[in-house]
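So the chains spell out like this:
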Amino acid sequence: MPDFEFFLQQLSNGLTRGSIYALIALGYTMVYGVMKLINFAHGELFALGAYLGYTLLVVFGLGGSLGPPLAIGLSIIMVVGLVSLAGYLLERVAYRPLRSSDRLAAVVSALGASIFLQNAIMLQWGAQYRAFGADLLPNVVFHIGGFNLPLVRVLVFVAAVAVMAALHVFVHRTRLGLAIRAAAIDQGAAKLMGVDVQKVIILVFIIGPALGGLAGLLVGVYYGQINFNMGQLYGLKAFTAAIVGGIGNITGAMVGGLLLGLLEALGEGYISVIWKDAITFLVLILILVFRPTGLLKERVAEKL
Amino acid sequence: MRSLFCSCLLLAAVLLAVPSVRADEPVKIGVMAPVTGDWASEGQDMVKVVEILAAEVNASGGINGVPVEIEVADDGGTPKTAALAAQKLVTSGVIAVVGTYGSSVTEASQDIYDEAGVIQVATGSTKISLTGKGLPRFFRTCPRDDEQAKVLAANVQKLGFSKVALVHDNTSYAKGLAEETREIFKNSGITEVYYDAINPADRDFTVSLTRIKAADPDVIVFTGYYPQVSLILRQKRDLDFDVPIIGGDATNNTALIENAGKEAASGYMFVSPPALADMNTESAKNLMATFQSKHNAQPSSVWAVLAGDAFLVLVEAMKAAGPDPEKMTEWLKTSLTDYQGLSGPIAFDEHGDRIGEVYRLYEVSADGVFVLQ
């Protein structure tokens, strides 16, 4: 395979993976931005999205009865709705009672919620790998020279980018978005300016999990195979992406996610498959050494 | 004085706590299996098969009139949990253990059983060195990796492939098999154009596949497990990369069809002990029928059946030599010669390895069935 086509192939591999990392990273970064809390249970909300998608598309057989585009559209809406409900409940049960206590208590609660959710998923859906079924989407592959681009991959990338663009517009162009940004800068001052901070927190705990759940569904549809502890690895990678992008910064999470995916694919493609994670994390550590606050530095200095 | 009295009391309590073996008390056989974790479907079927066979033994009067009791411990498919599971079985007073599946998992439990004087019959652990440690009471009903590597390499050669890409997943089993196979290729004029591992925790193997594609092999030899080969088959199809894959026995699981989809799985080949449908012994057919009526399904792989074989040889040994691990070991190594197990004739050599050729070549047909070649 000519070098340039090989490069294109790795580029497309990296962008697809990266767009999924970015979607999950947004959930970490939004919650951190407003609450200064790492929501460790976010990876499990992602896995929950994948399993709810599995239940709808495979167990209830929506994929067969409605036809792929309609079934996937409908399950996206339902998964996003259900996972954001789970996110809301998580905030209500695990974080709100600890709002005024020490930050460490909230971190421990987050870890506990993560362990609880992961085991709940295992008990509900079983410990085996679950398959989405290969015939959910027609297997269309575009050929550009020797470079092959499956349609599913384009769809995953487009869906992720579209959602991220919509989020960007929402945060920067609407009054609610303004409220989120205000609460992120200073909760007390935002309160004095008439921002309902409680509402903002709930909103963040709905949007973040919704994006994570969507990512879970996309992983299920794209790779066709899910298991109960998938949230761990994806959660860790996305969390890293959020940190590298500059935690609390929404654009940073997107950039960090895509960068992580690209680094992985290129490291794997040009250096070594086994050393992939070592290479990736070495580069990320170097980035943090030279830019300790991440690539897109938070504009408000005292936050970090 | 008082302390002496206390020690006497304590001694009495300890003496009373030691179980006295009576004739009507059931004899305990342990099953260590991955009931949860990545290999849960294998482990759960192992337990189901042994339970069915144990019920049959008990229904026909037990072992010399003594009923047999099954004690299950979950090893989670990880070495760490396996050590705990082994401790649990040993303290519960089993005299022999069936299991387990993964080689690295078995490895973590071997010494614990050895020290406790318990017989262990592994069922899916094919790593060569497991029987080379001089552990007297260790047996296995599955063949060894070097046997598998020989059959794998012979089939690659027989099918006329000359440039191979070897892929493993860094588990001790898959890496061992890949290295064995690699050695045989070197001596038989087959060129190796690619050799690397994948990370089984990943979902995306497209980069590995594009690298393999650039190396332009005639065939990919994959020595890992079925969840990963399912993804590889799918992603290979998505990349329009038309090269055959031939795998090892860890991919012999019908869940592969479901995970990869019939279209992507069709044409996939693997070497393995005979699949369930091709086991033509009377006992195997009976087992399948009972399993079907009880669980409304077939065991998803051959490994569960090898667990059944392990249980059956233990029962035979107990019948002939009594419930004593030392005598049973002696009997299994010297007197078990023409026993007809579920998967065919069973006998063990002095290391505890199963004697005889077991491996066959399978290919997945267009409608998703494993067909014996």
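As the structure is a computational prediction, the values presented were derived from the model and not from experiment.

Caption draft 1: Main features of the overall build of chain A. From N to C terminus, chain A includes 12 helices and four strands. Here the C-alpha atoms of chain A give a radius of gyration of 19 Å, agreeing with the 19 Å that 2.2 N^0.38 yields for 304 residues. On the principal axes, the C-alpha backbone points of chain A span a range of 60 × 45 × 35 Å. Evaluated residue by residue, chain A yields a buried proportion of 52% over its 304 residues.

Caption draft 2: Structural detail: the packing of helix α1 (residues 3–35) of chain A against helix α11 (residues 250–270) of chain A. Running from amino to carboxyl end, α1 of chain A crosses α11 of chain A at an angle of 145°, the nearest separation of the two axes being 6 Å. Read as a crossing pair, α1 of chain A and α11 of chain A show a hand that is right-handed.

Caption draft 3: Main features of helix α12 (residues 302–321) of chain B. The end-to-end C-alpha distance of α12 of chain B is 29 Å, a good match for the 28 Å that 20 residues give at a rise of 1.5 Å each. Of all 20 residues in α12 of chain B, 16 are buried, a share of seventy percent or more.

Caption draft 4: How the structure looks around unusual backbone geometry. Residue and element names in this part refer to chain B. Residue G99 is joined to T100 through a cis peptide bond whose omega torsion reads 15°. Tracing the backbone through its elements, the reader meets T100 in the loop between β3 (96–98) and α4 (103–116). The backbone of N64 shows a phi angle near 50°, a positive value even though the residue is not glycine. Residue placement: N64 occurs in the loop between α2 (40–59) and β2 (68–74).

Caption draft 5: Region of interest: the domain arrangement of chain B. Residues and elements named next belong to chain B. Domain assignment breaks chain B into domain 1 (27–143 + 279–346) and domain 2 (146–272). The C-alpha centroid of domain 2 is placed 29 Å from the C-alpha centroid of domain 1. Domain 1 puts 12 residues into the contact, and the matching count from domain 2 is 13 residues. For the side of domain 1 that touches domain 2, the residue count by class is three nonpolar, seven polar and two charged.

Caption draft 6: Structural view of the sheet that holds strand β7 (residues 191–197) of chain B. Residues and elements named next belong to chain B. Spatially, β7-β6-β8-β9-β10-β13-β14 is the arrangement adopted by the seven strands of the open sheet, whose pairing is mixed. Strands with a single pairing partner mark the edges of an open sheet, and in this sheet they are β7 and β14 (370–372). Taking the axes of each pair of neighbouring strands and ignoring which way they run, one obtains an average angle of 25° across the sheet. Packed on one face of the sheet, helix α5 (residues 145–158) meets β6 (163–168), β8 (219–222), β9 (245–247), β10 (269–272) and β13 (360–364) and runs near 145° to β10.

Caption draft 7: Up close: the nonpolar core. In terms of nonpolar packing, the biggest core is built from 208 residues, with A22 and L214 of chain A together with F311 and L314 of chain B touching the most fellow members. Per-domain counts for this core show at least three residues from each of domain 1 (27–143 + 279–346) and domain 2 (146–272) of chain B. In contact with L314 of chain B, other than residues within four places in its own chain, are I29, A96, I119 and V121 of chain B.

Caption draft 8: Region of the structure containing the interface of chain B and chain A. Chain B puts 31 residues into the contact, and the matching count from chain A is 27 residues. Looking at the side of chain B that touches chain A, the elements that each hand over two or more residues are α2, β7, α7 (206–215), α8 (226–238), α9 (255–260) and α10 (262–265) of chain B. No other element matches the seven residues that α7 of chain B contributes to the side of chain B that touches chain A. For the side of chain B that touches chain A, a count of residues per class yields 11 nonpolar, nine polar and 11 charged.

Caption draft 9: Focus on the pairing of β6 of chain B. Residues and elements named next belong to chain B. Within β6, five of the six residues are buried, which leaves the element mostly enclosed by the surrounding structure. Pairing of β6 with β7, which is carried by six bridges, proceeds in the parallel orientation. Bridge pairing in β7 places V164 opposite E192. Following the backbone out of β6, through helix α6 (residues 172–187) and into the adjacent parallel β7, one traces a crossover that is right-handed. Note: β6 against β8, four bridges, orientation parallel. Paired with V164 across the strands is V219, a residue of β8.

Caption draft 10: Structural detail: the sheet that holds strand β1 (residues 27–33) of chain B. Residues and elements named next belong to chain B. Across the sheet, which stays open at both edges, the five strands sit in the order β2-β1-β3-β4-β5 with parallel pairing between neighbours. Bordering the open sheet on either side are β2 and β5 (138–140), each of which pairs with just one other strand. Strand-to-strand twist of the sheet, defined as the mean angle between neighbouring strand axes without regard to direction, takes the value 25°. In this sheet, β2 lies alongside β1 in parallel orientation, the contact comprising seven bridges. Opposite V31, over in β2, you have V72 as the bridge partner. Against the sheet, α2 engages β1, β2 and β3, with an angle of about 170° to β2.

Caption draft 11: View of the environment of A250 of chain B. All names here are of chain B. Positionally, A250 belongs in the loop between β9 and α9. Among the residues examined, A250 registers 31 C-beta atoms within 10 Å and is labelled buried. Once residues lying within four places of it in the same chain are set aside, the contact partners of A250 are Y173, G224, Y225 and Y226.

Caption draft 12: Fine view of the environment of G368 of chain B. Residues and elements named next belong to chain B. Mapping G368 onto the fold places it in the loop between β13 and β14. The exposure class assigned to G368 is partly exposed, which follows from the 16 C-beta atoms found within 10 Å. Spatially, the C-alpha atom of G368 lies 22 Å from that of A289, the residues being 79 residues apart in sequence. Apart from the residues lying within four places of it in its own chain, the contact partners of G368 are I257, K262 and A265.

Parameters at a glance
- Residues numbered from 1 in each chain as written.
- Chains lettered and ligands numbered in written order.
- Predicted model: local features only at pLDDT ≥ 70, side-chain atom pairs only at ≥ 80, totals over all residues.
- Helix = DSSP H or I, 4+ residues; strand = E, 2+ residues; numbered from the N terminus.
- Rg over C-alpha atoms; globule rule 2.2 N^0.38 Å.
- Buried ≥ 20, exposed ≤ 12 C-beta atoms within 10 Å, placed from the backbone.
- Axes fitted to C-alpha atoms, helices over the stretch in contact; angles between N-to-C directions.
- Left-handed = near helix turned anticlockwise from the far one by under 90°.
- Expected span 1.5 Å × (residues − 1).
- Domains from an automatic or database assignment.
- Contact = placed C-beta atoms within 7 Å.
- Nonpolar A, V, L, I, M, F, W, Y, C, P; charged D, E, K, R; others polar.
- Pairing = 2+ DSSP bridges.
- Core = buried A, V, L, I, M, F, W, Y, C linked by C-beta atoms within 7 Å.
- Right-handed = clockwise from strand over helix to strand, strands pointing away.

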